[in-house]
Amino acid sequence: MSRDGTIAIIGAGIAGAAAAHRLHAAGRRVVVLDKGRGPGGRMATRRGPDSLRFDHGAQYFTARDPLFAAVVESWAARGVAAPWGGAGRHVGTPGMTAPVRDLLDGIDLRCGRAVDRLVRDGRDWRLADAEGAALADGAAFASVLLTCPSPQSLALLAGAGHDLPGLAEVRYAPCWTLMLAHDGPPAPDAVVREDRDPDATFAWVARDGSKPGREAGGTLVAHASPAWSRASLECAAEDVAEQLLAALRDLVPLGEVRHRAAHRWRYAAVERAVGEPCLFAPETGLGFAGDGCLGPRVEFAYLSGLALAERVLGETA
Ligand SMILES: Cc1cc2nc3c(=O)[nH]c(=O)nc-3n(C[C@H](O)[C@H](O)[C@H](O)COP(=O)(O)OP(=O)(O)OC[C@H]3O[C@@H](n4cnc5c(N)ncnc54)[C@H](O)[C@@H]3O)c2cc1C
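Reading the values: the criteria
Counting of residues starts from 1 at the beginning of each chain's written sequence and follows it residue by residue. pLDDT decides what is reported in this predicted model: residues at 70 or higher carry local features, side-chain atom pairs at 80 or more are listed and counted, and totals for whole chains, interfaces and linings draw on all residues regardless. Excluding hydrogens and water, the side-chain values take into account all heavy atoms of the structure. By the criteria applied, helices consist of DSSP H or I runs no shorter than four residues and strands consist of E runs no shorter than two, each listed in order from the N terminus. Three labels apply to residues, based on accessible area from a 1.4 Å probe with only protein chains included: buried if under 20% of the type maximum, exposed if over 50%, partly exposed otherwise in between. UniProt positions are given in the numbering used here, feature names are shortened, and annotations may be inferred rather than shown by experiment. Residues are classed as near a molecule or strand on a simple rule: at least one heavy atom within 4 Å of it. Here a polar contact is taken to be a pair of N or O atoms separated by no more than 3.5 Å, where protein atoms must pair a possible hydrogen donor with a possible acceptor and residues adjacent in sequence count only if both atoms sit in side chains. Residue burial considers only the protein chains on display, and all accessible areas are found by Shrake-Rupley using a 1.4 Å probe. Just so you know the grouping, Ala, Val, Leu, Ile, Met, Phe, Trp, Tyr, Cys and Pro go in nonpolar, Asp, Glu, Lys and Arg go in charged, and all remaining residues, Gly too, go in polar. Using a grid of 1 Å spacing that covers the protein atoms alone, one calls a set of points a cavity when a 1.4 Å probe fits there but cannot get out, and a pocket when the set is open and has protein on both sides within 12 Å along at least five of seven lines; lining residues are those with an atom within 4 Å of a point. Grid points are joined across faces, edges and corners, and a volume is the space filled by probe spheres set on the points. At least two DSSP bridges between two strands are needed for those strands to be called paired. To get an axis, fit a line to the C-alpha atoms, keeping to the stretch in contact for a helix; angles then go from 0 to 180 degrees between the N-to-C directions. Among the buried residues, those of types Ala, Val, Leu, Ile, Met, Phe, Trp, Tyr and Cys that are joined through side-chain atoms within 4.5 Å form a nonpolar core. Segmentation into domains, and thus their bounds, comes from an automatic or database assignment. Contacts: residue pairs with any heavy atoms within 4.5 Å of one another.

The name given to the protein chain in an unreviewed UniProt entry is Amine oxidase domain-containing protein, with Methylobacterium variabile as the source organism.

Spelled out as structure tokens, the structure:
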């Protein structure tokens, strides 16, 4: 791997953004590709009708690691994040994608680009979509850093005849999310329910409108438990919304429901992680970072992305 080669980062979630930010700051050429319409990954905000917005992925982040705490402090000072709900919780402002957008500021980011194939070209890599069309204007990359969830990263690696030891061990729990707007009395608490009982229907219910920078109002986000989500994994979103709404009525006084929608996260929370900060193979320039390395938190995904960037810089110093 040469010091001058361009680095492709697949995935513009917090891990990909952290890696890109560090490499860019060190003077490396970086291109970030994401299949989504915008950056953020599971730090996501979904728009509904009538300007409704829901944080339907990660609800908040903590900052226990001093490195990440310093970054969060800088976000808070610049209005990119703010405390919410006590217990050291922070949220992005005005939405959960804001911290990721901040890290990617000034970086070559290409959204709406689903990478389907990694193609070896001498010592370089080229990227192609499902139709075989070249991505990133056919650029050659000295290194490709994967930050999509491990099943998606493994598929890309397998297509190129490669592997990263440990990656296949990662396991994720799914999560069905209900997004709801209603005209009833607002729930009294920001966090209406947090439940670790595996048999519960809901693992989490929160008043989305209570978050700083959001429009106050009767918007709720409810995450079904891993067990409930697994059992209903292949159900239609409309049916899931119906069932979760019925279950939610038993927990929260709801008025007239103006909007409801369900979203399925197939890979939501890491249940088994690699246990190392990142994976990298210097002989191929292929690497992996994300919550699959250290565990199911925004903070861990950030630290993993940063670790991968440091590893690449160390290998090409
Ligand atoms: C419902 C839910 C609730 C959560 N709650 C919390 C919480 O309260 N607190 C907390 O700390 N964490 C929470 N998490 C976990 C947290 O969101 C994740 O740990 C973290 O955001 C993972 O970041 P990442 O960069 O590793 O992956 P991701 O955010 O998943 O980013 C991966 C990116 O890769 C892209 N991608 C995938 N395949 C391709 C491809 N082939 N080509 C191009 N791009 C591709 C995706 O579009 C995505 O943007 C929650 C997650 C979910 C889903």
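Following the structure, the description resumes.
Student: Is there a simple way to explain unusual backbone geometry in this structure?
Tutor: Leaving glycine aside, a negative phi is the common case for residues, and trans is the common case for peptide bonds. Put simply, Thr93 and Pro94 share a cis peptide bond, and its omega is 5 degrees. With respect to the helices, strands and loops of the structure, Pro94 is situated in the loop between β6 (90-92) and α3 (98-103). In this structure, Asp50 is a non-glycine residue whose phi angle is positive, near 55 degrees. You can see Asp50 is positioned in the loop between β3 (46-47) and β4 (53-54). Accessibility expressed as a relative area gives 66% for Asp50, which makes it exposed. Phi is positive for Ala136, close to 55 degrees, though the residue is something other than glycine. The class of Ala136 is buried, set by a relative accessible area of 8%.

Student: Help me understand the UniProt feature "domain: Amine oxidase" (unreviewed entry) in the protein chain in this model?
Tutor: Feature annotation in UniProt assigns "domain: Amine oxidase" (unreviewed entry) to the following positions: residues 92-313. Across residues 92-313 one finds 25% helix and 31% strand; the C-alpha atoms that close the span lie 29 Å apart.

Student: Please explain the site of the ligand as it appears in this structure.
Tutor: Around the ligand, the surrounding shell holds 32 residues, and the nearest of these are Asp34, Arg42, Tyr60, Asp291 and Val298. In the model, an oxygen atom of the ligand is placed 2.6 Å from a nitrogen or oxygen of the Asp34 side chain. Val298 places a polar main-chain atom, nitrogen or oxygen, 2.9 Å from an oxygen atom of the ligand. In the complex, the protein chains occlude 91% of the 1000 Å² of accessible area that the ligand would expose alone. Sorting the residues of the shell around the ligand by element identifies α1 (14-25), β2 (30-34), β15 (257-272) and α8 (298-315) as the ones contributing at least two each. A breakdown of the residues in the shell around the ligand according to their chemical character gives 15 nonpolar, 11 polar and 6 charged.

Student: How do you make sense of the layout of surface pockets when you look at a structure like this?
Tutor: In this model, the second largest pocket occupies a volume close to 240 Å³. Lining the second largest pocket are 18 residues, with Ser51, Leu52, Arg53, Arg214 and Glu215 sitting closest to its centre. Taken together, the residues of the lining of the second largest pocket sort by class into 4 nonpolar, 8 polar and 6 charged.

Student: Help me understand the sheet that holds strand β16 (residues 279-281), please; the structure alone is not making it clear to me.
Tutor: Neighbouring strands of a sheet are bound in pairs by backbone hydrogen bonds; such pairs are parallel or else antiparallel. Within the open sheet, the 6 strands sit side by side as β7-β2-β1-β10-β17-β16. Their pairing is mixed. The sheet is open, and its two edges are formed by β7 (108-111) and β16, each paired on a single side. Averaged over all pairs of adjacent strands, the angle between their axes in this sheet comes to 15 degrees, without regard to strand direction. By the bridge criterion, 3 bridges tie strand β10 (residues 143-146) to strand β17 (residues 286-288) in an arrangement that is parallel.

Student: How should I be thinking about the nonpolar core in this particular structure?
Tutor: Grouped together as the largest cluster of nonpolar side chains are 47 residues, with contacts concentrated most on Ile9, Ile14, Leu23, Phe61, Trp75 and Tyr302. For this core, the domains that each give at least three residues are domain 1 (7-43 + 97-169 + 273-315) and domain 2 (171-271). Here Tyr302 is in contact with Ile14, Ala18, Phe68, Val71 and Leu103, once residues within four sequence places are set aside. Of all hydrophobic cores here, the second largest spans 27 residues; its members include Ala8, Leu127, Leu157 and Leu279.

Student: Explanation requested: the pairing of strand β8 (residues 117-121) in the structure shown.
Tutor: Note: β8 against strand β9 (residues 124-128), 5 bridges, orientation antiparallel. Of the residues in β9, the one forming a bridge with Asp121 is Asp124. Here β8 folds back onto β9, and the loop between the two strands holds 2 residues, one of which, Gly122, carries a positive phi near 65 degrees.

Student: How should the side chain of Asp208 be read in this particular structure?
Tutor: Tracing the chain through its elements places Asp208 in the loop between β13 (202-207) and β14 (219-224). For Asp208, a relative accessible area of 1% translates into the label buried. Polar contacts involving the side chain of Asp208 include one to the main-chain amide nitrogen of Asp55, which spans 2.9 Å. Excluding residues within four positions of it along the chain, Asp208 makes contact with Arg53, Phe54, Asp55, Gln59, Arg214, Thr219, Leu220 and Val221.

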